[in-house]
Amino acid sequence: MRFDSRLAAAAAILACGTIGALAQEASSVPDHLLGMVGHWRLEQEDQSLPICGLVFTEDERLGGWAIELPEPCPAPFPPVQSFVAWDVDDNDGSVLILDAAGNETLRLYEGEDGLFVTGDGVLPAFYLMLPWDADGTGGEVGDTF
């Protein structure tokens, strides 16, 4: 049987593609941050005002992991292109929302009550919350906004 270099090259390309696909399926989110993956919402202090639904994913992006927006966020939230990636600052535990260039759009600090909120002087203040079921028992990853 004659060895065909074109077949070997094709097999190598397929193998690399398969290995790459398998590597993408494995989560790159560190174990201690896996609890952050899922549905979230940004709220304003007045809960009767519009909210912004976010999904923190395990897909890598520049500066962190991808954010999906089920729909564009209404004003006064930042524009859709400002919600590209999320990460957590190892120094202070704050949640970072990043744009496509990896620039910080929002930084949310964990308060004493466990809620994440924008820093002092940032107006309007935004709170990062887990979504809640209609019956008030929520926070589960599969919930809707």
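Refer to the structure presented above.
Quick summary incoming for the structure in this document.

Criteria and cut-off values
Sequence order as written defines residue numbering, which begins from 1 separately in each chain. Local features in this predicted model are restricted to residues of pLDDT 70 or higher, and side-chain atom pairs are both shown and tallied only at a pLDDT of 80 or more, whereas totals for entire chains, interfaces and linings draw on every residue. Only hydrogens and water are removed before side-chain values are computed, so all heavy atoms of the structure are retained for them. Where helices and strands are cited, they refer to DSSP runs of H or I of at least four residues and of E of at least two residues respectively, numbered from the N terminus. Buried residues are those whose accessible area, probed at 1.4 Å on protein chains only, stays under 20% of the maximum for their type, while exposed residues exceed 50% and partly exposed ones sit between those limits. Any two residues whose heavy atoms approach within 4.5 Å at even a single point are treated as in contact. Nonpolar cores were defined as sets of buried Ala, Val, Leu, Ile, Met, Phe, Trp, Tyr and Cys residues, with membership established by side-chain atoms within 4.5 Å. By the convention used here, strands pair only if DSSP detects at least 2 bridges between them. Between N or O atoms, a polar contact is any pair within 3.5 Å; within protein, one atom must be a potential hydrogen donor and the other a potential acceptor, and residues adjacent in sequence are included only when both atoms are from side chains. Axis angles are defined between N-to-C directions and span 0 to 180 degrees, where every axis is a line fitted to C-alpha atoms and, for a helix, only to the segment in contact. Here a patch means residues that are over 30% exposed by relative accessible area and free of salt bridges, tied together within 9 Å if like-charged and within 5 Å if nonpolar (Val, Leu, Ile, Met, Phe, Trp, Tyr). In short, Shrake-Rupley with a 1.4 Å probe defines the accessible areas, and a residue's cover is counted only from the protein chains shown. Here, a salt bridge means any Lys or Arg side-chain nitrogen found within 4 Å of an Asp or Glu carboxyl oxygen. Within this scheme the basic residues Lys and Arg register as positive and the acidic residues Asp and Glu register as negative, but His and the chain ends are omitted. Every charge is mapped to an atom, namely NZ of Lys, CZ of Arg, CG of Asp or CD of Glu.

### Thoughts on the overall build of the protein chain
Of regular secondary structure, the protein chain possesses 1 helix and 8 strands. When the helices and strands of the protein chain are placed in sequence order, the string is α-β-β-β-β-β-β-β-β. Every one of the 145 residues in the protein chain was classed for burial, and the buried ones make up 34%. Across the protein chain, contacts joining residues at least 24 apart in sequence account for 37% of those joining residues at least 6 apart.

### Side note on the nonpolar core
Ranked by internal contacts, the top residues of the largest apolar core, which has 23 residues, are Leu-42, Leu-54, Phe-56, Phe-83, Trp-86 and Leu-128. Contributing elements (two or more residues each) for this core: strand E1 (38-44), strand E2 (52-61), strand E3 (64-68), strand E4 (85-88), strand E5 (95-98), strand E6 (104-110) and strand E8 (126-129). For this core, the element with the most residues is E2, which contributes 3 residues. Once residues lying within four places of it in the same chain are set aside, the contact partners of Leu-42 are Ile-51, Cys-52, Leu-54, Phe-77, Phe-83, Leu-106, Leu-108, Phe-126, Tyr-127 and Leu-128.

### Observations concerning the pairing of E2
The sheet contact formed by E1 and E2 spans 5 bridges and is antiparallel. Directly across from Gly-38, in E2, lies its bridge partner Phe-56. Strand direction decides the pairing type here: E2 and E3, joined by 4 bridges, are antiparallel. Across the sheet, Val-55 pairs through a bridge with Glu-68, a residue of E3. Linking E2 back to E3 in an antiparallel pair, the connection comprises 2 residues, with Gly-63 at a positive phi of about 90 degrees.

### As for the side chain of Gln-44
Tracing the backbone through its elements, the reader meets Gln-44 in strand E1. Given a relative accessible area of 7%, Gln-44 falls into the buried group. Within the local environment of Gln-44, its side chain forms a polar contact with the backbone oxygen of Pro-50, the two atoms lying 3.1 Å apart. Dropping the residues within four chain positions of it, Gln-44 is found in contact with Leu-49, Pro-50, Pro-76, Phe-77, Pro-124, Ala-125, Phe-126 and Tyr-127.

### Description of the sheet that holds E3
Reading around the barrel, the 8 strands line up as E1-E2-E3-E4-E5-E6-E7-E8 and close back on themselves, with antiparallel pairing between neighbours. The average undirected angle you get between the axes of adjacent strands in this sheet is 35 degrees.

### Considering a negative patch on the surface
A cluster of acidic residues, Glu-58, Asp-59, Glu-60 and Glu-68, forms a negative patch at the surface. Looking at which element gives the most residues to the negative patch, the answer is E2, with 3 residues. Along the polypeptide, Asp-59 turns up in strand E2.

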